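Each chain is listed here by its residues.
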Amino acid sequence: MQALLDINGFYANAELVFDPKIRGRPVVVLTNNDGCICAVNQAAKDAGVGKKFVPYFQVKEDLQRVNAVVRSSNYELYADMSRRFMDTCSRFAPNSHIYSIDECFLDFGSSHSAPPEGWDAYGRYMRRTVWKEVRLPIGVGIGPTPTLAKAASHAAKRIEGFNGVAVIDSDHVRRSILSQMELTDVWGIGRRLAARLELLGVKNAWQLAECDPGWIRKQFSVLVESTVYELKGIKKLDWDEVRAPKKEIYSTRSFGQRVMDKASLRQAILTHVGIAASKLRDQNSLSGHMVVFGANSPHDNAPYYSRSFTHKFPSYTSDTTLLSAAASRLVDQIYSRGIRFYKVGVGLLDLVREDTYQRDMFTINKDKPELMACLDKINGRYGRNSVFVAGQGVEQKFSMRREFLSKQYTTRLSDLPVIKCK
DNA sequence: TCTGGGGTCCTAGGACCC
DNA sequence: TCTGGGGTCCTAGGACCC
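Our subject in this report is the structure included herewith.

Glancing now at the overall build of chain A. On a plain count of helices and strands, chain A comes out with 15 helices and 12 strands. The C-alpha radius of gyration computed for chain A amounts to 24 Å, which stays within 12% of the reference 22 Å derived for 422 residues, consistent with globular compactness. Projected onto the principal axes, the alpha-carbon positions of chain A cover approximately 65 × 60 × 45 Å. Relative to its full complement of 422 residues, chain A shows a buried share of 46%.

Shown next, in the form of structure tokens:
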């Protein structure tokens, strides 16, 4: 059996943990640069301001009207709360897998035998324990495959009667839950696939589960075919595949303000190179191919401008200085006078594992692994960007707009909550 | 005053080469 | 006189996830 534990409205509820004054009020959290709403608590949903990924400025007045608390994304806080949540989760099962910042899969192995108290009771125990230790509300979904565990967790939160825990352990329950789920509620089925499925007469999750996998493969792809198998209770997703090193790594961000000069564009792009390269070394990979891109805003009143250029490395590398030099040359191609750049980014593609990569004896290897190891070690200890390539710019001026930022309650000494006793 | 997220994987189609 | 194949690389953008 598999379990999925996921935090309800994670960022919004994380804001409540160390700030008792705002409990009970609607809370919404904004994305980078305070652009869109990305997380909401139950009170915000109840107040009718719970829609995600709408631009903040469009709903600002609605939020004021219901006296909502608005917060910028406090990643320092969320990352630490996520770590605490994952720590607690890892005690519940022999194997756990961190799927995203607020979701943890637990693998109870091939045995279908329930714990002595039964799956439902165990699910409630896990939920209670996370609340007790981390003060975050979660949903628990349990089922024979990851996709069904995900469906159960959907039911735990959205279908009345489950109260936070749902277990798919019989065909009867499987049918009942899937019949009440839209196609887009199924993991791996988005808006477009759902529309195509509906044209073929498949209207909900249960009907998808009943499809012939071979037919689905012909109409769509092996990925959708796997989803159908998983909905039937036949396991196709494997954590080894999920855990496999990434094939592409990106770092991209929109600017707090539009950028129009080449020097700033270069600094921003080199900053992304630094972030992507550090992720690359984290997974012990080398990159053979880099893509750098920049664009203006599709919302600006100007013709859409978007350019991307690639560079192929003579020899696979993970060295920030070599990646930066190549990216710096591509900036000249991306830059164009008069364009109000809104977003830039860097992708590292064609990744290979460092330990199996056979170096080419005819190419001079300019990598400086000792320097990179040293850089990673210093940044790991003293915080990201303690040491960086000078091309990123010493002012570090691309800070995000975070107007409504809460404190770093758990990671900065001066921000520790204080309880005063009389 | 002005404001619209970030990441990964995959593929269509054009350009170019032999 | 007119016609014709197959592979690789690159850019753009779709689709999905949170």
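Having seen the model, we can carry on.
With that settled, the discussion passes to the side chain of glutamine 283. Within the element layout of this structure, glutamine 283 appears in the loop between helix 13 (262–282) and strand 10 (285–296). Of note is the side chain of glutamine 283, whose polar atom sits 2.8 Å from the backbone nitrogen of lysine 246. Those residues within four positions of glutamine 283 in sequence are excluded, and the remaining contacts are Pro245, Lys246, Ile249 and Leu351.

Around DNA strand B, the surrounding shell holds 21 residues, and the nearest of these are Lys247, Glu248, Tyr250, Thr252 and Tyr342. In this structure, a phosphate oxygen belonging to DNA strand B sits 3.0 Å away from a side-chain N or O atom of asparagine 32. Contacts to DNA strand B include tyrosine 250, whose backbone N or O atom sits 2.6 Å from a phosphate oxygen. Element by element, the count of residues in the surface near DNA strand B is highest for strand 9 (residues 249–259), at seven residues. Here the residues of the surface near DNA strand B sort into seven nonpolar, seven polar and seven charged.

Surveying the vicinity of DNA strand C reveals 19 residues, the closest of which are Lys150, Gly188, Arg192, Leu193 and Thr310. Near-protein atoms of DNA strand C (within 4 Å) split between backbone and bases, with sugar and phosphate holding 100%. Those elements giving two or more residues to the surface near DNA strand C turn out to be strand 5 (95–100), helix 8 (191–199) and strand 11 (306–317). Broken down by element, the residue count for the surface near DNA strand C peaks at five residues, all from strand 11. Split into classes, the residues belonging to the surface near DNA strand C amount to six nonpolar, seven polar and six charged.

Along the polypeptide, tyrosine 125 turns up in helix 5 (residues 119–134). On the accessibility criterion, tyrosine 125 (34% relative accessible area) is partly exposed. The spacing of tyrosine 125 and serine 318 is 193 residues in sequence and 45 Å in space, taken between C-alpha atoms.

Attention now goes to helix 3 (residues 56–65). Listed as buried for helix 3 are Tyr56, Val59 and Leu63. Viewed along the axis of helix 3, the buried residues span an arc of 80 degrees, placing them on a single side of the element. For helix 3, exposure combined with an orientation more than 90 degrees from the buried face picks out Phe57, Gln58, Glu61, Gln64 and Arg65. For helix 3, the secondary structure elements touched by its buried residues are strand 2 (27–30), strand 3 (37–40) and strand 4 (69–71).

Rules used in this analysis
Residues numbered from 1 in each chain as written. Chains lettered and ligands numbered in written order. Predicted model: local features only at pLDDT ≥ 70, side-chain atom pairs only at ≥ 80, totals over all residues. Heavy atoms only, no water. Helix = DSSP H or I, 4+ residues; strand = E, 2+ residues; numbered from the N terminus. Rg over C-alpha atoms; globule rule 2.2 N^0.38 Å. Buried < 20%, exposed > 50% of the residue type's maximum accessible area, 1.4 Å probe, protein only. Polar contact = N/O pair within 3.5 Å; in protein donor to acceptor, adjacent residues only side chain to side chain. Contact = heavy atoms within 4.5 Å. Near = heavy atom within 4 Å. Nonpolar A, V, L, I, M, F, W, Y, C, P; charged D, E, K, R; others polar. Arc of directions from axis to C-beta.

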